[in-house]
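Examination of the molecular architecture
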Amino acid sequence: MSVDAVPMSQWPSEQRYIIPVAPGPDVVKVTIDGREVEAARGELLIKVAQQHGTYIPRFCYHERMKPVGMCRMCLVEVQGMRGLQISCATPVTDGMVVSTNSPAVLEVQDGVLELLLINHPLDCPVCDRGGECPLQDQTLAFGPGESRFVEEKRHFEKPIEISDLVLLDRERCIQCGRCTRFAAEVSGDPLIDFGGRGGNTEVITYPDQPFRSYFSGNTVQICPVGALTARPYRFRARPWDLQTVETSCTTCAVGCRGALQSTSNRIVRLLGIDSDVVNQGWLCDKGRYGYEWVHTADRVRAPMVRKDGELVEVSWPEALDAAADGLRGAIARGGPGSIAVLGGARGTNEDAYVWARLAKGVIGTDNVDAQLADGLPADVVLGMPRATISDLDRARAIVLLAPDLKEELPVLFLRALRAANELGVPLLDVSARDNGLTRDATAVLRHLPGEIGAVAERLVAAIGGGHVPDADGDLASVLHAMGQGEGDGPLVVVLGRPSLAESADAVVRAAAAFTGLADVRFLSALRRGNVHGALDLGLAPGFLPGRVTLQVAGEHFAAAWGLVPAEPGADATGILAGAAAGTIDTLVLLGCDPIADFPDRARVRAAFESVRFLVAVGPFASDAAERADVVLPTSVWGEKSGSTTNLEGRVMRVARLVTPEGATMPDWRVAAELAARLDSDFDLETVEEVQDEIARLAPALAGVDADLLRRARDGAVVPIAHRPDEIVLGADARVSPALSWEPIPPGVASDETTLSSVGTGVVEASGTGAAATIKPGLVEDGVPPAQAVADAGELTRAAGEALAAHPELHRWVPGAPSHPAEVPVDAYSLRLVAARTLYDAGSTAASGPSLAHLAAGGALFVHPSDLTRIGVAHDGDEVRVTSARGTVVLPVRADPGTRPGTAFLPINHAGPASPADLIDVAAPLTELRVETIR
Amino acid sequence: VAAEETRLVSKFLRERPDDSWSFAVAREQNDAYGTLEKAFSMTPEQIVEEVTTSGLRGKGGAGFGTGQKWSFLPKGVFPRYLAVNADEGEPCTFKDHMLVERDPHQLIEGIVVTSYAIQAHHAFVYLRGEFALGAERLGQAIADAYANGFLGRDILGSGFDLEVVLHRGAGCYIAGDETGLLSSLEGERAMPRIKPPFPAVQGLYAAPTIVNNVETLSTVPHIVRNGGAWHAEMGVNRSKGTRIFSVSGNVVRPGNYEVELGTTFRELIYGIAGGIPDGRALKFFIPGGASAPWLVEEHLDAPLDMDYVQSDLKTMLGSGAVMVFDETVDPLLVAWRLAKFFAHESCGKCTPCREGSGWLEKVLYRMAHGYGRAEDLDLILSFGNNVAPGLSWPPGMTTICQLGPSIMSAPVSLKRFWYDEIVERMRKDTERRNALEVAAV
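Residues numbered from 1 in each chain as written. Chains lettered and ligands numbered in written order. Predicted model: local features only at pLDDT ≥ 70, side-chain atom pairs only at ≥ 80, totals over all residues. Heavy atoms only, no water.

Looking now at the overall build of chain A. Along the backbone of chain A there are 28 helices and 36 strands. Computed over the C-alpha atoms, the radius of gyration of chain A is 29 Å, within 12% of the 30 Å expected from 2.2 N^0.38 for a compact globule of 934 residues. Overall size of chain A, expressed as C-alpha extent along the three principal axes, is 85 × 70 × 55 Å. In chain A, buried positions account for 62% of the 934 residues. Within chain A, counting contacts between residues at least 6 apart in sequence, those at least 24 apart form 72% of the total. Here chain A has roughly 33,400 Å² of accessible surface; of this, 52% comes from carbon and sulfur atoms. (Helix = DSSP H or I, 4+ residues; strand = E, 2+ residues; numbered from the N terminus. Rg over C-alpha atoms; globule rule 2.2 N^0.38 Å. Buried < 20%, exposed > 50% of the residue type's maximum accessible area, 1.4 Å probe, protein only. Contact = heavy atoms within 4.5 Å. Areas by Shrake-Rupley, 256 points an atom, 1.4 Å probe, with all protein chains shown as cover.)

All names here are of chain A. For the coordinates displayed, the defined rule picks out 92 salt bridges over all chains. Put simply, Glu 726 and Arg 723 hold a salt bridge, and the shortest N to O gap is 3.7 Å. Across the salt bridge formed by Asp 866 and Arg 869, the nearest N and O atoms sit 3.2 Å from each other. Of this pair, Asp 866 and Arg 869 both sit in helix H28 (residues 864–870), separated by 3 residues, roughly a single helical turn. Salt bridges linked by common partners bring Asp 391, Arg 394, Arg 521, Glu 648, Arg 650, Arg 723 and Glu 726 together as one network. (Salt bridge = Lys/Arg side-chain N within 4 Å of Asp/Glu carboxyl O.)

Going from A:Lys158 to A:Pro159, the amide bond is cis rather than trans, its omega being -20 degrees. Relative to the helices and strands, A:Pro159 resides in the loop between helix H3 (134–142) and strand S6 (160–161). In this chain, B:Pro196 is followed by B:Pro197 through a cis amide linkage whose omega measures 5 degrees. In this structure, A:Gln175 is a non-glycine residue whose phi angle is positive, near 50 degrees.

Moving on, we get to helix H2 (residues 23–30) of chain B. Residue and element names in this part refer to chain B. The complete set of buried residues in H2 reads Phe 23, Val 25, Ala 26 and Asn 30. Along H2, the residues classed as buried sweep out an arc of 170 degrees about the axis, all on the same side. Packing partners of the buried residues in H2 comprise helix H1 (11–15), helix H7 (104–118), helix H8 (132–147) and helix H10 (214–226). At the C-terminal side of H2, Asp 31 shows a positive phi close to 55 degrees. (Arc of directions from axis to C-beta.)

Moving on, we get to the environment of B:Phe341. All names here are of chain B. Here Phe 341 shows up in helix H14 (residues 331–345). Along the chain, Phe 341 and Ser 357 lie 16 residues apart, while their C-alpha atoms are 9.1 Å from each other. Residues contacting Phe 341, with those up to four places away along its chain left out, are Gly 89, Pro 91 and Tyr 173.

Turning to the interface of chain B and chain A, a few remarks are in order. The interface is formed by 57 residues belonging to chain B together with 48 residues belonging to chain A. Here chain B meets chain A over a buried area of about 4,400 Å², counting both sides, of which 56% is carbon and sulfur. For the pair chain B and chain A, the number of links is 2 salt bridges. In this structure, B:Glu345 engages A:Arg197 in a salt bridge whose closest nitrogen and oxygen atoms are separated by 3.3 Å. Applying the counting rule to chain B against chain A returns 18 residue pairs in polar contact (both at pLDDT 80 or more). Per-element tally for the side of chain B that touches chain A: the top contributor is helix H15 (residues 351–368) of chain B, with 9 residues. Taken together, the residues of the side of chain B that touches chain A sort by class into 26 nonpolar, 17 polar and 14 charged. (Buried area = accessible area lost by both parts, 1.4 Å probe. Polar contact = N/O pair within 3.5 Å; in protein donor to acceptor, adjacent residues only side chain to side chain. Nonpolar A, V, L, I, M, F, W, Y, C, P; charged D, E, K, R; others polar.)

The next subject is the side chain of A:Ser914. Residues and elements named next belong to chain A. The residue Ser 914 is located in the loop between strand S35 (902–906) and strand S36 (927–932) in this model. According to the relative accessible area criterion, Ser 914 is buried, its value standing at 10%. A polar side-chain atom of Ser 914 sits 3.0 Å from the main-chain amide nitrogen of Ala 916. Once residues within four sequence positions are removed from consideration, Ser 914 is found in contact with Arg 601 and Leu 905.

Attention now goes to the pairing of S35(A). All names here are of chain A. For S35, the buried fraction is high: 5 of the 5 residues fall into the buried class. Neither face of S35 is open: one carries Thr 902, Phe 904 and Pro 906, the other Ala 903 and Leu 905, and all of them are buried. Both strand S31 (residues 830–835) and S35 contribute to a ladder of 5 bridges, which runs parallel. Residue pairing in the sheet places Arg 831 in a bridge with Thr 902 of S35. The sheet contact formed by strand S32 (residues 860–862) and S35 spans 2 bridges and is antiparallel. Pairing of Val 862 across the sheet is with Ala 903, part of S35. (Pairing = 2+ DSSP bridges.)

Moving on: the nonpolar core. Most often, soluble globular proteins keep nonpolar side chains buried together rather than apart. Core analysis: the biggest nonpolar cluster contains 160 residues, and A:Val254, A:Leu405, B:Trp294 and B:Leu364 have the highest contact counts within it. Setting aside anything within four residues of it in sequence, one finds A:Leu405 in contact with A:Leu400, A:Pro410, A:Leu412, A:Phe413, A:Leu437, A:Val494 and A:Ala525. Within the second largest apolar cluster, 116 residues are counted, among which are A:Ile452, A:Phe557, A:Val670 and A:Val704. (Core = buried A, V, L, I, M, F, W, Y, C linked by side-chain atoms within 4.5 Å.)

Before going further, it helps to examine the packing of aromatic side chains. Taken as a whole and judged by the stated rule, the model has 29 aromatic pairs over all chains. Consider the rings of A:Phe522 and A:Trp812, whose centres lie 6.2 Å apart with planes at 70 degrees: the pair is edge-to-face. Taken together, the positions of A:Phe522 in strand S22 (residues 520–524) and A:Trp812 in the loop between helix H25 (786–805) and S31 put the pair 290 residues apart, joining distant regions of the chain. For the pair A:Phe522 and A:Trp812, one class covers both residues: buried. Arranged with centres 4.9 Å apart and planes meeting at 75 degrees, the rings of B:Tyr173 and B:Phe341 form a pair that is edge-to-face. In this pair, B:Tyr173 sits in the loop between strand S3 (163–168) and helix H9 (178–185) while B:Phe341 sits in helix H14, placing the two residues 168 residues apart along the sequence. Summarising the burial analysis for this pair, B:Tyr173 and B:Phe341 share the class buried. Following the ring pairs from residue to residue traces out a cluster consisting of B:Phe284, B:Trp294, B:Phe325, B:Phe417 and B:Trp418. When the ring centre of A:Tyr233 is taken as reference, the NZ or CZ atom of A:Arg269 above it lies at 4.5 Å. (Phe/Tyr/Trp six-rings, centres within 6.5 Å; stacked < 30°, edge-to-face > 60°. Lys NZ or Arg CZ within 6 Å of the ring centre and 35° of its normal.)

Here we come to the packing of H14(B) against H15(B). Residue and element names in this part refer to chain B. Contact geometry for H14 and H15: axes closest at 8 Å, N-to-C directions at 155 degrees. By the angle between their axes, H14 is roughly antiparallel relative to H15. The two elements H14 and H15 cross, and the hand of that crossing is left-handed. Note on element contacts: H15 touches H14 through Ser 357, Gly 358, Leu 360, Glu 361, Leu 364, Tyr 365, Met 367 and Ala 368, opposite Leu 332, Leu 333, Ala 335, Trp 336, Ala 339, Lys 340, Phe 342 and Ala 343. Residues that form the contact of H14 with H15 fall into these classes: 12 nonpolar, 2 polar and 2 charged. (Axes fitted to C-alpha atoms, helices over the stretch in contact; angles between N-to-C directions. Parallel < 35°, antiparallel > 145°, perpendicular 65-115°, else oblique. Left-handed = near helix turned anticlockwise from the far one by under 90°.)

Turning to the sheet that holds strand S12 (residues 257–263) of chain A, a few remarks are in order. Residue and element names in this part refer to chain A. Reading across from one edge, S11-S12-S13 is the order of the 3 strands in this open sheet, with antiparallel pairing throughout. On the outer flanks of this sheet lie strand S11 (243–248) and strand S13 (266–272), each paired with one strand and no other. Across this sheet, the average inter-strand angle for adjacent strands is 30 degrees, counted without regard to direction. Pairing geometry for S11 and S12, over 6 bridges, is antiparallel. Residue pairing across strands places Glu 246 opposite Ala 259, the latter belonging to S12.

This paragraph deals with the confidence of the model for chain A. Residues and elements named next belong to chain A. Of the residues in chain A, 92% have a pLDDT of 70 or more, and the chain-wide mean is 88. Low pLDDT (under 50) marks residues 1–9, which in the prediction has 16 contacts with non-local residues, meaning those over four places away or in another chain. Confidence drops under a pLDDT of 50 for residues 751–783, and excluding neighbours within four residues, the segment shows 94 contacts in the predicted structure. (pLDDT = per-residue confidence, 0-100.)

Written out as structure tokens, the structure is:
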């Protein structure tokens, strides 16, 4: 007998406690209020009751978090058990007989509400929650009619700021612990907790540590009272005045489902919808509050044409004529290849398709790229075996070959965190630098920028061979970690561009190595809102809509469009080079600003100096737009309907809620108007017509027509013939969407496109207090009707047939492993890591008043030991940084998470220096000389 | 009234030799660690068997069978932990306090034997933070035990390893609840957890854990030394052996007295503790700590029998704190003070306790200080019925732990013994206040 040497760091936390389930059959029969229902053994009683139409009142229980049993509102009577049981923590067993409305239960519900209300301020008229408040509703339904409390209520200063975005009113708080549990369990930011005890219990932040979480808005959404309020929404609306549509967020490529709400034609709130396959109800704060940029003053609201060197506002026909004339002139001058189209990753699929058709099928140029040298080759993204987000849950391991998910794809980060912490999926962090998942990774493998390919090859060899060289402790720990997984699902490689200072080739080499293993799927970690939709729909050189190459599908599209480019064109880097060299002299920018977004500013400058005709199509007056000859303002998310494709290839609806600002119009309509002026009538009048044309022509999107998009609850992963199970037609039956503090179930688009306005939908009478009372609403019984299941089967079968008749989908075939000469480590230099942070100076974040000030200024982060080596005396001192490309001066900060020998510089921050001034996109990596300034 | 103590566990508490806490004195005068060789010669299962046979029940408050508790450990699941509940916080209970300060080696011996019996290699002593002297002495005792080979690796050549960690609490009553204690030990707030999972299945760090009280563990070596049957001969009915009662309040000789169970309250209060000074009459007494419903004169001849006290007297022996109040004491004032304690110590997790304790305190304050209303007693009993459904003992629960229903023990007692008297007093208080108001106008 010896002491079991379990290191303290591996002792499990409270999150690991699970409620034991009595043995028995897998499907059990439970009688709830006299009605016998079937349920899975071990399901929580509160959930089973709800699935079968009995809503048990609750405050602290939330379906996506572990039960805590604090509020005591969900007590029910279970035959044979002494006293009342909390249904939120009672697993169902066979033969269980439950009463949710016996006199004892009603009395205690009444009692709990009376107790909750004695210290509640009842300031409902000035409370944001008023009108959608479960405390109000449940008091009406289950509570006493009047108070017997005659003493002084508890008082606190109200409200207090606990972060830049969230305010806390401790008087309203009912101490349910939803917010504190979310912060600790779901987001991994345990920055709020309870302080004090008894009646003085309050939610607190730690000294000098505000609740600065990227996910703080979720706590506001799930707060069952108005204790937590969000600065952007406070006092903006009353819930009963809100118009709501279901939509997808386009801030990043996760595409979280959300309920977008407006009042008086202004967007005021976005709530996360609980789509099990996508975001499970959560949103990041950037997505949640990003809507502010829709109404910002920076928007361009009228078309403009340069006259005598000045941009002047003109009518749409005049601007469109000017743009068409320019394009026609360019074709006449230098042929279609002298025109290039950059951008398009922020629009809808419909925008991308019609622009691809204009560029490739009307103009005839293939110089089209939605990415700005900050992603991965379309060849890889469109042709690799794809994973879905849900694959993370069942993966046998997750490998991160991606930038910091917490900074770039925050809700995907939550899902990976859950997989690692709750589901026990081994998580391998293969990054150049510590990131949001490092703390929870099962194993960590660090490398120098430029060496990611070599590291991946070593890793794959070890996994494939099952052994490692003796000396390699890091790899041994990885193999040990892999052995801890229980899943038999795929190995999911999250693949993105970890650093823009490292060439995409290195990442492609790393990805290629993994294709040697069995059952590997790639989850794309490209960031921009609809970059996957844009690539899928042809905004990439060498590709046509539907993940097919120009070579393979040229004839197919030529038959439909009348024209396709003669040969593959250039990507963004090639386009800028062509522009600088004069072979490309006309540039169309689709909602992008290369000056801000392209990682190599010298190339952009050279290109812009030689371009003869520049058309800026987009919503913002950017630096690039200011140089344009024609500016065509477009409407944005929230102002237009359509669809987008997220990083797993899921096509989902986006909905229009407010009228577009100024005289803007959707990008796709701009393209159609230009096509008409170039003698090509697309005959596309509505978004639905565009969707139907895509479904008919684009192979990967076969069958994804307007009808399917309207009816599919969680959208459709394309090609749908390969993922038939992902299509669920019709809505699931759960709590009515009216309850914004509960998980909001995804719905389907109704004819009038708006969901019921949020209030608390509601029905029948019960309870002991008030004479007429109300129960929170439940959507009627049931799984999707059998008809819907049959329909879905029929749709995917038809899509499969269409797919078979179409040109073959592109497959990525990794080239033979290239072994470029390794760049020797230069002991006097630091290798640059350049990546994004969530809050930056980009248009979507910087234009909203709530988020704009959250971006930290740019600084160079180096390991403390390097700080000493360089000779920097103080954290924050300015240094001169020189690369082969240029020199910048900026402050330096010590950061233990940055590996010695490397330096981290965030992209696109306000300040004197940008990585774009240091990076040469043609170089495999970027080395920096850092000197102190004396 | 004749009665005598049975100084089994309390030997050093009563004899008080100099330096009783030192290793040398404990070895010489109390045979400390003398049972270890015998324990290691037995199998763990045999020790569990002996303890089960002995009828030993937890001496912290709940009175659960100790051997039975140990038998709940899931088979073959390791590591397991022993958590020692030394967070004695029940008002007027001071036996564990003294056991830790005056006989720490007896406790450590019990920890070693128990850890061996349940096959745990880590034991955590959760010591009430206020016990500064106890922390000093127990810390020294643990160090001495390590130095002399009674803790650490391969104890006495048995091959059994045991590490003991002394952890001081941060001043929170509810850390005395076993799941609250475990949460606190893990570094969380001392909030009780929902059960199941019970600690024996998923306790500390989600591993099977036995939580035992100081006095319980201190008894274990005596059972190993003398056998379970010997222990089972003491006591009455299902209340076997002895217990230490902390007698306080209006008595001549307050203190810790260990008596065989079955002794009567009268023998304890009027015999051993010397009765009430100056010949005053008894008003009431609390038999088992602040959480227990009260008793009065007519109950004095009842035996100290855990089951009888619960079933027939509707209260409990609890932590063994007997508080005696004579005729000069205002029961309302006592009820208010106890309510104030509970309102302060409620952890804030469950709504009924968090809100109910504060409300109760506020109303009782008014009632005890001349601002009561005739309906107030009914009011607290009414909302209190949602905290302790049934208002009986053992109480119904709407909360996770026992603290919730405990707040109603005093109000229920007020109703049981002095209902009419109190309502009349409240009515008079109201009249007096009304008269003052009229006079002011």
